[in-house]
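Topology and contacts: notes
Listed below are the residues making up each chain.
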Amino acid sequence: MSTRLWFGSLWDDLRSSLWFRPLVITLSSALLAAITVTIDYQVEVPEFFVTSADNARAELSAIASSMLTVTTLTFSIMVVALVLASQQFSPRILRKFMSDPVKQNLIGFFIGTFVYTLLVLNRIDDASDPPFVPVVSVAFSLLLSFLSVGAFIYFIHHFAKSIQISSIVAGIREETEDLLEKTFSQQIRVFPAEIPQLSAENAVSIPAPRSGYIQGIDLEELVNIAQEHKVVMQVERLMGEFVARDTRLMLVQPRANEKLTAAVYRAFDFGDERTLYQDSLFGIRQLEDIAIKAISPAINDPTTAINCLDHICSLLVFVAQHPDASPYHSDSAGQVRIIARKPAFSDFVNQSFNQIRQYAASEVAVSLRMIEVLIEVAQIVQEHERQQVLWRHAGMIARGADRGIGEPYDRQKVNQRLEQLAALTGQPAQEILLAEKN
């Protein structure tokens, strides 16, 4: 794996882990204990603050046992919440829960206070003459225990807020928007005059080295590799796709060898799950999963599905304001070296509606909201091709509603929304309007 991709992937994994921040905070607490004990050796404390070794040991023992209990309780609450979120919302949002920096920092603070207190407790020496009691360190340990009480109260508040569905979907949308903004700011729309055409007939295939989801691609590294070997390469997979081992990953023209193949593999990062490291479609996938689970017969919560569609609408409007990225990447001499298709507007729309509409055919409110989302996006897009994408999905939603909705009043409301969309996209509404039923 290339250095740039390795560091980016490593940071994404560390950011979503429950051990990295707590470990850093715990090590900092150990260092703080060494500093405060050193101060105790060098500073003479006023008589008013001096305490006996037995009192200090009792205080520190009580703090340490309390912090261990708080830490255990905190982890228990998190595990229960993760199980419930996985069952009620979607298993794919667990990474979002784990990557919350507030939870990670608070867990680290509780463990750090526990470690600090133990280290200070170990420095009490009542066998010496005079006995050594680290008064400053004990006072600081008391301060940390008071802060831990407030931190635990804040943890309960933050956790109760973070497991609300509105907070979950808003967080997914914000994280996806950040990735989209980064992606669109870096994209270059280059359409060269001479576009190389690669196919299985005129190019060499490079198979995938392992099975897994594509979590990252270092396109700059691929360009350098292609320039060095004087070849043109085409990425056959989209970011976030699952590839089976030994299936086609790349096409190379005119030739490939072991050195080139090994270099290409270093530009890819494969994993066992999709992530939001470079996969912008995964954010919509998460929102779609939550919506599908909400309208399932076991849960029957169309309001949550509508909430997800609200945030999907925001993402689609954001995408609609940007042109599709060019798949062509050139070297320093301006020659096309890499062809790698990026998610286009149609991919985002397909990901947003394909599965929800299949499960929401009989859900009037959800079907209406899907068409309303198409209307809001249609107000942004001007290109005929994109309008066709929106209209195609409106037709599929309408055909599902025609089968699932029998109430004439509800069918009339669906038709009203379809007529609005037809006016915005310049399409004949009669093609997909629902027939009247008595």
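Quick look at the structure, then. (Residues numbered from 1 in each chain as written. Predicted model: local features only at pLDDT ≥ 70, side-chain atom pairs only at ≥ 80, totals over all residues. Heavy atoms only, no water.)

So, the overall build of the chain
To keep things clear, this is the line we draw: Working definition: helices are DSSP H or I runs of at least four residues, strands are E runs of at least two. Numbering for both runs from the N terminus. Three exposure classes are used, based on accessible area relative to the maximum for each residue type with a 1.4 Å probe and protein chains only: buried under 20%, partly exposed in between, and exposed over 50%. What makes two residues a contact is simply this: any of their non-hydrogen atoms within 4.5 Å. Note on areas: Shrake-Rupley, 1.4 Å probe, and residue coverage restricted to the protein chains presented here. Residues counted as positive are Lys and Arg, residues counted as negative are Asp and Glu, and His and the chain ends are not counted. All charge positions are set by atom: Lys at NZ, Arg at CZ, Asp at CG, Glu at CD.
Scanning the chain for helices and strands turns up 15 helices and eight strands. With respect to the principal axes defined by its C-alpha atoms, the chain has extents near 95 × 65 × 35 Å. The proportion of buried residues among the 438 residues of the chain is 49%. Contacts in the chain between residues at least 24 apart in sequence constitute 80% of all its contacts with a sequence separation of at least 6. Surface exposure of the chain reaches about 21,500 Å², of which carbon and sulfur atoms provide 56%. Computed over 37 positive and 48 negative side-chain charges, the separation of the two mean positions in the chain equals 7 Å.

Some details on the packing of aromatic side chains
Rule in force here: Stacked, tilted and edge-to-face are the three classes applied to pairs of Phe, Tyr and Trp rings, where Trp contributes its six-membered ring and a pair requires centres within 6.5 Å; stacked means planes under 30 degrees apart, edge-to-face means over 60, and tilted covers the rest.
What the rule picks out here adds up to 11 aromatic pairs. Between the aromatic rings of Phe184 and Phe318, the centroid separation amounts to 6.0 Å while the plane-to-plane angle is 40°, which identifies the pairing as tilted. Of this pair, Phe184 sits in helix H7 (residues 165–186) while Phe318 is found in helix H11 (residues 302–320), placing the two residues 134 residues apart along the sequence. An aromatic cluster of at least three residues, connected via ring pairs, comprises Phe110, Phe152, Phe155 and Phe159.

Side note on unusual backbone geometry
Between Gln253 and the following residue, Pro254, the backbone shows a cis peptide bond with an omega angle of 10°. Positive phi, close to 75°, is recorded for Asp246, a residue that is not glycine. Examined against the element boundaries, Asp246 turns out to sit in the loop between strand S4 (242–243) and strand S5 (248–253).

Describing the packing of helix H12 (residues 345–359) against helix H14 (residues 384–404)
Just so we agree on the cut-off: Comment: axis = line fitted to C-alpha atoms, over the contacting stretch for helices; angle = value between 0 and 180 degrees taken between N-to-C directions. Reported orientations rely on four angle classes, namely roughly parallel under 35 degrees, roughly antiparallel over 145, roughly perpendicular from 65 to 115, and oblique for the rest. Lys, Arg, Asp and Glu make up the charged group, whereas Ala, Val, Leu, Ile, Met, Phe, Trp, Tyr, Cys and Pro make up the nonpolar group; the residues left over, Gly among them, are polar.
At a minimum axis separation of 10 Å, H12 and H14 run at an interaxial angle of 5°. When the interaxial angle is binned, H12 and H14 end up roughly parallel. Across from Phe345, Ser346, Val349, Asn350, Phe353, Asn354 and Arg357 in H12, the residues of H14 making contact are Arg386, Val389, Leu390, Arg392, His393, Met396 and Ile397. Residues belonging to the contact of H12 with H14 are distributed by class as follows: seven nonpolar, four polar and three charged.

Some thoughts on the environment of Leu18
The topology assignment puts Leu18 in the loop between helix H1 (3–15) and helix H2 (20–42). Taking the relative accessible area as the measure of exposure, Leu18 reaches 22% and is therefore partly exposed. Between the alpha carbons of Leu18 and Lys103 there is a distance of 8.6 Å; along the sequence they are 85 residues apart. Excluding residues within four positions of it along the chain, Leu18 makes contact with Met78, Met98 and Gln104.

Interpretation note: all reported values are geometric properties and have no functional meaning in isolation.
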